[in-house]
Amino acid sequence: MTPEEAALTVCVVVAAYAGIRVLLERNTVKKLPFLNVCSFAVAGSIVLILPHPLTIIAAAAYFIGTTLESNAIASTYAGGIREE
Amino acid sequence: MPADPLHILIAAAVSWVNFIAIDLFFRLPERGGVSGASEIGRQIEAGGGALPGGYMMGNIVSSPDASAGTLLAACGVFIAGVPGGLLTALLVYLGNRVCHDPGYAGTTGCITATFIVYGFSLIGISPASFIAGMVIAILTIQGISSVHASRLLATLWGWRRA
Amino acid sequence: MQEGSHLTPEFLLGGFLILAGTVAVVFPRPKTYLVRIINLELPAWGLLLLMLAYNETLALLTFGGVSAISVYILVRVLQKTEGP
Amino acid sequence: MNLLPMLVFGLLVVLGTGGTILERDPFAKLISLSLIAAGVIPFVVDRGYLDVAIALALIVPLSTFFLLMACRRDRT
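Residues numbered from 1 in each chain as written. Chains lettered and ligands numbered in written order. Predicted model: local features only at pLDDT ≥ 70, side-chain atom pairs only at ≥ 80, totals over all residues. Heavy atoms only, no water.

Visitor: Please clarify how the packing of aromatic side chains should be interpreted in this entry.
Guide: Aromatic ring pairs are reported here in terms of the distance separating the ring centres and the angle at which the planes meet. What the rule picks out here adds up to 7 aromatic pairs over all chains. An aromatic cluster of three or more residues is present, and its members are B:Phe25, B:Phe26 and B:Tyr104. (Phe/Tyr/Trp six-rings, centres within 6.5 Å; stacked < 30°, edge-to-face > 60°.)

Written as structure tokens, this is what we have:
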């Protein structure tokens, strides 16, 4: 087993664990840290699946996109609570 | 070259120390940067955690900081060597600007992590091990138990302020 | 899995997503328009996976761009319907 | 792709689908939709369509923003 395969296995196991924890958590805002772990693991594994120069940009775009999404969800949730 | 579990553990420890040190140096636990980060901090405190640790976890979630910089720098060095790492530093800076963040922590973490990962690749620890190590490091902060992780971060923040 | 088989994992996942998403749009859990629009994203992902299974690159790019615009139009229609 | 990563990303898609259908809060539904995107994008990368993957990664947050505009109206 090469280091790449070992790293891919670790990333994939962490992604599955984080995905299950996202569903089991009841509080909506506390789901976001687990979603962040899942996106870390997925961004790492798409680099390990296909090593190519464009993959760096793909991983960075995916990670920044999902971070923006979490930011918007959390901000809208906080604003909605405060206006009530 | 066969894989060695010890290499992944060493990489996890190094990247944990790197991103925690840089996040504490740039005062992330002081306050929530955006309203979403403050909301995450308050909810974690309501669940039994500590408020500064909750703010830092909220900041990690809602803008790419040193942890994202370390992961993407490891990816860049794995594919294209040191120039790839510096390219990801530029991308992390752009992402920080999009998220209404000054962007010092992410860019600094990315540049230091680039040289750390390159240095370790010279003595035989592959950059792929650093990708897995960073995933394990972020798992210990955000993924196991938000109460204990926020208390640990609050303790470290107390040392930083003292 | 032999070459040329149509039962790739993309095909199976896309079919599952289209069937489950269509049922979820027709019978939404809280019976509101917003939940219907959110559930409408599920068949969109399923259609995208089916296009991926048949290697239609141009269709993938076009559909990815247009789906966001269609969501925007539906949200505007929802806001007009509810009124001020 | 190997068998284990394929199974795990398929599991992520199935989990996201179940979460989107079963949750009652609109914000929890949006978080589950993001889980589906996390499962689909590695399949796109595995086929070699990196340009499609970059475009998808930038378009998915856009549609979430549009849905959040409706969520904000719905709550107040």
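Now that the structure has been shown, we can carry on.
Visitor: How do you make sense of helix 2 (residues 31-49) of chain A when you look at a structure like this?
Guide: Note on helix geometry: an α-helix contains 3.6 residues per turn, so any two residues three or four positions apart are oriented the same way. With 19 residues, helix 2 of chain A should reach 27 Å at 1.5 Å per residue; the first-to-last C-alpha distance of 27 Å fits that figure. Taken across its 19 residues, helix 2 of chain A has 19 buried, putting it largely inside the fold. (Helix = DSSP H or I, 4+ residues; strand = E, 2+ residues; numbered from the N terminus. Expected span 1.5 Å × (residues − 1). Buried < 20%, exposed > 50% of the residue type's maximum accessible area, 1.4 Å probe, protein only.)

Visitor: I'm lost on the environment of D:Cys71 in this one. Help?
Guide: Among the structural elements, D:Cys71 can be located in helix 3 (residues 50-75). On the accessibility criterion, D:Cys71 (1% relative accessible area) is buried. Separated by 44 residues in the primary sequence, D:Cys71 and D:Phe27 have C-alpha atoms spaced 7.9 Å apart. Ignoring any residue separated from it by four or fewer positions in sequence, one finds D:Cys71 in contact with C:Leu34, D:Pro26, D:Phe27 and D:Leu30. (Contact = heavy atoms within 4.5 Å.)

Visitor: Help me understand the interface of chain B and chain A in this model?
Guide: Many descriptions give the size of an interface as the accessible area lost when the pieces come together. Contacts between the two partners involve 46 residues from chain B and, on the opposite side, 44 residues from chain A. Between chain B and chain A, the buried area comes to about 3,700 Å², and carbon and sulfur atoms account for 79% of it. Broken down residue by residue, the surface that chain B buries against chain A is led by B:Val61, B:Ile79 and B:Val135, which jointly contribute 15%. The interface formed by chain B and chain A includes 0 salt bridges. The interface formed by chain B and chain A holds 4 residue pairs in polar contact (both at pLDDT 80 or more) in total. Only helix 2 (35-46), helix 3 (51-62), helix 4 (66-98) and helix 6 (127-143) of chain B provide two or more residues apiece to the side of chain B that touches chain A. If you tally residues by element for the side of chain B that touches chain A, the top one is helix 4 of chain B, at 14 residues. (Buried area = accessible area lost by both parts, 1.4 Å probe. Salt bridge = Lys/Arg side-chain N within 4 Å of Asp/Glu carboxyl O. Polar contact = N/O pair within 3.5 Å; in protein donor to acceptor, adjacent residues only side chain to side chain.)

Visitor: For this particular structure, what's the right way to read the interface of chain D and chain C?
Guide: Each partner contributes to the interface: chain D provides 33 residues, whereas chain C provides 37 residues. Between chain D and chain C, a total of about 3,400 Å² is buried, with carbon and sulfur atoms accounting for 76% of that surface. Where chain D packs against chain C, one counts 1 salt bridge. As a salt-bridge pair, D:Arg47 and C:Glu10 come within 3.3 Å of each other at their nearest N and O atoms. Seen at the junction of chain D and chain C, the total is 4 residue pairs in polar contact (both at pLDDT 80 or more). Every element with two or more residues in the side of chain D that touches chain C is listed here: helix 1 (3-22), helix 2 (26-46) and helix 3 of chain D. In terms of residue count, the dominant contributor to the side of chain D that touches chain C is helix 3 of chain D (13 residues). Tallied by class, the residues present in the side of chain D that touches chain C amount to 24 nonpolar, 4 polar and 5 charged. (Nonpolar A, V, L, I, M, F, W, Y, C, P; charged D, E, K, R; others polar.)

Visitor: So what exactly am I meant to see when it comes to helix 6 of chain B here?
Guide: Residues and elements named next belong to chain B. Helix length check: helix 6, at 17 residues, gives a terminal C-alpha distance of 23 Å against a target of 24 Å (1.5 Å per residue), a fit within 8%. Counting buried positions along helix 6 gives 15 out of 17 residues, so the element sits mostly inside the fold. At the N-terminal boundary of helix 6, the capping side chain belongs to Ser 126, with an oxygen 3.1 Å from the backbone nitrogen of Ala 128.

Visitor: Honestly, the arrangement of the chains in this entry has me stumped. Any pointers?
Guide: Once contacts are tallied for each of the 3 pairs of chains in contact, the highest total is for chains A and B. Separated throughout, chain B and chain D approach each other most closely at a C-alpha pair spaced 12 Å apart.

Visitor: Honestly, the pattern of salt bridges in this entry has me stumped. Any pointers?
Guide: Any two side chains of opposite charge can pair, given that their charged atoms come close. Residue and element names in this part refer to chain B. Summed over the entire model, instances satisfying the criterion amount to 3 salt bridges over all chains. Between Arg 42 and Glu 39 there is a salt bridge, with the nearest N and O atoms lying 3.2 Å from each other. Remark: Glu 39 and Arg 42 occur in helix 2; sequence separation between them is 3 residues, near one turn of the helix.

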